[in-house]
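Summary of the model geometry
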Amino acid sequence: MGNRKKKFIIINILSILALLVVIFPLLLISKYNYPSADDWSFGAKGYEILQSGGGFLQLLKATFATIQQNYQNWEGRFSAVFFASLQPGIWGEKYYSIVAYLMIGMLIFSETILCKFFINFSAQKQNNWYTLPIIIPALIMQILYSPYPEESFYWYTGAVNYTFVYGLSLFLIVLFIKLATQQYPIWKYILLAILTCIMAILVGGNNFSTSLSCFLSLCILSVLFLFIKRKAFYRTWFVTAFMGVSLMICILAPGNANRLNSNFGGTTGNAFEAILMSLVRSATNIYSWTFYTKIPLMLVFVIPFMWMAVKNMVYRFYMPVLFSVITFGLYASQCTATMYVSGATGGGRMDDVLFYSYVIWIVGNVFYWLGWFNKREYKLSVMIDKVGTKLDKFLLLYCAFIGCILVFFIYKTDLRTITSYKAYRNWRQGFAQQYAAEWDARLEVLHDDSVKEVEFAPLTVQPEMLLYTDLQEETGYYWVNNACAIYYNKTYIHIVPPETQ
């Protein structure tokens, strides 16, 4: 084994260990997690079926009944309702602890697959040693600085329809390009086409942020295929069509008007204004997240590996300015639907997706510009290549130095705000354990069929990482109490201060 390969093995192992250190506290507190809010609303029928001894087919029937009811009366995002109706708590509250594993796992695996695919796309020689040193630092930034981790990692209904579907959209892009550009036996092509269409339906029928952005991505790729590689267009056009139809089904749902009038009192009614607001908000996001997080340091860490990867590629990286303009437009399109509806970007779970995609697009743009520069044979690029060759001898030292600087600045400036520390703090101070104990006590009452009128004291702790929203008093989101009461077959559930009980 050569020295270079040994270095890359060490760098890959250390990258994995760094990621494990970051996610360990997040997974540690996941066993104290419980359903809340929309988990009860969408899971009620499935929970009833399973509690009465029903099987999988009955569960699916109940799920589709929930989709139909919501489509007619509340919202058209049929895929979102499908996922939400199958929240893990319907099999038993203890299974809800897998939510963090599902969401963090999807984020890690989808972005790793995406990075591996593009690094080896048009590569002269397949080389997977660059994948983890490039994508893991990006993942660490995404996880540490997730704006609303309680919504993207722990609250199932919000997380599955944003974080999880964001990951599905990345898999969809990879499958779409593979379907277009790679040759397969006919049986394998058909299976891959069916899988890709299913993913297109699931993503297209979900949150408008990811579905619109992903649909536009497929449209752009389809146009490129039509003019550059027509055979690739013929191999994939139907996937784009499936996704477009799914998106239109969501938009045309009768229930959308009820939700708009209930939540927002209508829409802004101005598509041009919504697009403009999306562009401005996206530019603001890019500016603030670039200069107020440690993204620049992360890029310094990964640039040597990007340079090695683009050197290994045949693709010439044409028109980088156009690439940046298009990718900025795709990024901004994620905001457009909610800007049109309410003049805002949506809930915290959507801000998380905006942050994840920001990091990926920043990494992708730096990668593309490095590739363009590398293929142009300018004097400066030749000089950088020589420096890179020398740096390769000290790659371990370089990674250790930049990595230590990155850790130092995170520790000194952001320690109390990063997700891993907040999760550790929730566990170390006993907030997560106390929260779980109080919910276990509530569940004893909720599982008692002889008790129909329920009064609970407020929670004494509200862990910032685990709790999306609790049961309410008379004011506030009292619908949460009604949803919980229906879920557990209670007449009502009130939250009453201890002194009045």
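A brief report on the enclosed structure follows. All values reported here derive from a predicted model rather than from experimental measurement. (Residues numbered from 1 in each chain as written. Predicted model: local features only at pLDDT ≥ 70, side-chain atom pairs only at ≥ 80, totals over all residues. Heavy atoms only, no water.)

**Quick word on the overall build of the chain**
The condition that has to hold: Numbering goes from the N terminus for both helices and strands, where a helix is a DSSP run of H or I of at least four residues and a strand is a run of E of at least two. Exposed residues in this analysis have more than 50% of their type's maximum accessible area, buried residues have under 20%, and partly exposed residues fall in between, with area computed by a 1.4 Å probe over protein chains only. What makes two residues a contact is simply this: any of their non-hydrogen atoms within 4.5 Å. Using a 1.4 Å probe, the Shrake-Rupley method yields the accessible areas, and only the shown protein chains count as cover for residues. Charge counting treats Lys and Arg as positive and Asp and Glu as negative, with His and both chain ends excluded. A charge is said to be at NZ when it belongs to Lys, at CZ for Arg, at CG for Asp and at CD for Glu.
On a plain count of helices and strands, the chain comes out with 21 helices and two strands. Considering only C-alpha atoms, the chain reaches an extent of 80 × 50 × 45 Å along its principal axes. Out of the 501 residues belonging to the chain, those deemed buried represent 52%. The contacts of the chain with a sequence gap of at least 6 include a subset with a gap of at least 24, amounting to 82%. Carbon together with sulfur atoms contributes 67% to the accessible area of the chain, which is approximately 23600 Å² in total. Averaged over its 37 positive side-chain charges, the chain has a centre that lies 24 Å from the centre of its 27 negative ones.

**Quick notes on helix α4 (residues 78–85)**
α4 sits mainly inside the fold: seven of its eight residues count as buried. Among the structural elements, α2 (38–51), α3 (56–73), α8 (156–181), α9 (186–204) and α11 (230–251) are those in contact with the buried residues of α4.

**With respect to the packing of helix α5 (residues 99–120) against helix α6 (residues 131–144)**
Stated precisely, the cut-off is as follows: Lines fitted to the C-alpha atoms define the axes, with helices restricted to the stretch that makes contact. Angles between their N-to-C directions range from 0 to 180 degrees. In a left-handed crossing the near helix is turned counterclockwise from the far helix by less than a right angle, and in a right-handed crossing that turn is clockwise. The classification used treats Ala, Val, Leu, Ile, Met, Phe, Trp, Tyr, Cys and Pro as nonpolar, Asp, Glu, Lys and Arg as charged, and all other residues, Gly among them, as polar.
The interhelical angle for the contact between α5 and α6, taken along N-to-C directions, is 145°, at an axis separation of 10 Å. In the crossing of α5 with α6, the sense of the turn from one axis to the other is right-handed. On α6, the residues touching I104, L107, I108, E111, T112, C115, K116 and I119 of α5 are T131, L132, I134, I135, L139, Q142 and I143. Counted by class, the contact of α5 with α6 contains ten nonpolar, three polar and two charged residues.

**Topic: the packing of aromatic side chains**
The way to describe two aromatic rings as a pair is by their centre distance and the angle between their planes. The test is simple: Each pair of aromatic rings taken from Phe, Tyr and Trp, with Trp reduced to its six-membered ring, is defined by centres within 6.5 Å and is described as stacked if the planes are under 30 degrees apart, edge-to-face if over 60, and tilted in the remaining cases.
The final tally for this structure, using the stated rule, is 33 aromatic pairs. Note on F317 and F367: the rings are 6.1 Å apart at their centroids and 70° apart in plane angle, and the pair reads as edge-to-face. One end of the pair, F317, is in the loop between α14 (295–311) and α15 (320–342); the other, F367, is in helix α16 (residues 348–374), with 50 residues separating them in the sequence. In terms of burial, F317 and F367 fall into one category: buried. Pairwise contacts between aromatic rings join Y315, F317, Y318, F323, F367 and Y368 into one cluster.

**Points about unusual backbone geometry**
Even without a glycine there, the phi angle at A37 is positive, about 50°. Its location among the elements puts A37 in the loop between α1 (3–28) and α2. For A37, a relative accessible area of 0% translates into the label buried. Of note in the backbone geometry, M319 takes a positive phi value of approximately 45° without being a glycine. Residue position: M319 is located in the loop between α14 and α15.

**Some points on the side chain of Q472**
Rules: Polar contacts, as used here, are pairs of N or O atoms within 3.5 Å; protein pairs need one atom able to donate a hydrogen and one able to accept it. Residues neighboring in sequence count only if both atoms are side-chain atoms.
Along the polypeptide, Q472 turns up in the loop between β1 (453–456) and α21 (479–487). From its side chain, Q472 meets the backbone oxygen of D470 in a polar contact 2.6 Å long. Apart from the residues within four sequence positions on either side, Q472 is in contact with Y477, Y478, N481 and I495.

**A short note on the packing of α8 against α9**
Across the interface, α8 lies against α9 with an axial gap of 9 Å and an inter-helix angle of 145°. Handedness of the α8/α9 crossing: left-handed. Facing α8, whose interface residues are V165, L168, S169, F171, L172, L175, F176 and L179, α9 presents Y189, L192, A193, L195, T196, M199, A200, L202 and V203. Here the contact of α8 with α9 is built from residues that sort into 15 nonpolar, two polar and no charged.

**Observations regarding the environment of N489**
Tracing the backbone shows N489 in the loop between α21 and β2 (492–495). When the C-alpha positions of N489 and I10 are compared, they lie 56 Å apart, and in sequence the two are 479 residues distant.

**Topic: the pattern of salt bridges**
As a reminder, the rule being used: Here, a salt bridge means any side-chain nitrogen of Lys or Arg that lies within 4 Å of a carboxyl oxygen of Asp or Glu.
Taken as a whole and assessed by the stated rule, the structure comprises five salt bridges. A salt bridge links D414 to K294, with the nearest nitrogen and oxygen atoms 2.6 Å apart. Residue D414 is located in the loop between α18 (395–413) and α19 (419–428), and its partner K294 is located in the loop between α13 (271–291) and α14; the two are separated by 120 residues in the primary sequence. The exposure class of D414 is buried, given its relative accessible area of 11%. A salt bridge links R442 to D470, with the shortest nitrogen-to-oxygen separation between them at 2.9 Å. Placement of the pair is R442 in helix α20 (residues 431–446) and D470 in the loop between β1 and α21, with a sequence separation of 28 residues. When sorted by exposure, R442 lands in the same class as D470, which is buried.

**A word on α13**
For an α-helix, the turn length of 3.6 residues means that residues three or four places apart are oriented alike. Keep this limit in mind: Here, expected helix span is obtained from the residue count minus one, scaled by 1.5 Å. This arc is taken over the directions from the axis of the helix to the C-beta atoms.
If you check α13, its first and last C-alpha atoms are 30 Å apart, about what 21 residues at 1.5 Å a residue would give, namely 30 Å. Those residues of α13 that fall on the buried side of the exposure criterion are A274, S278, S282, N285, W289 and T290. Taken end-on, α13 shows its buried residues confined to a sector of 115°, consistent with a single buried face. The outward face of α13, more than 90 degrees from its buried face, is lined by the exposed residues F272, V280 and F291.

**Observations regarding a nonpolar patch on the surface**
Applied cut-off: A patch consists of residues exposed above 30% relative accessible area that lack any salt bridge, with like charges linked at up to 9 Å and nonpolar side chains (Val, Leu, Ile, Met, Phe, Trp, Tyr) linked at up to 5 Å.
A cluster of nonpolar side chains, namely I220, V223, L224, F227, I228, Y315, Y318, M319, L322 and I326, defines an oily patch on the protein surface of about 1000 Å² accessible area. Broken down by secondary-structure element, the contributors of at least two residues to the nonpolar patch are α10 (208–228) and α15. Here I326 shows up in helix α15. Overall, I326 belongs to the partly exposed group, its relative accessible area being 32%.

**A few points about the pairing of β2**
Regular strands place their side chains on alternate faces of the sheet. Convention followed: Two strands are said to pair when DSSP picks up at least two bridges between them.
Residue alternation in β2 divides its side chains into a buried set, I493 and I495, and an unburied set, Y492 and H494. The pairing of β1 with β2 spans four bridges and is classified as parallel. In the strand pairing of β2, F456 is matched with I495.

**A short note on the environment of S41**
Of note, S41 is situated in helix α2. Taking the C-alpha atoms as reference points, S41 and I486, 445 residues apart in sequence, are found 8.1 Å from one another. S41 has contacts with W479 and A483, leaving out every residue within four places of it along the chain.

**Section: the environment of L60**
With respect to the helices and strands, L60 occurs in helix α3. Note: C-alpha distance between L60 and S217 (157 residues apart in sequence) is 32 Å.

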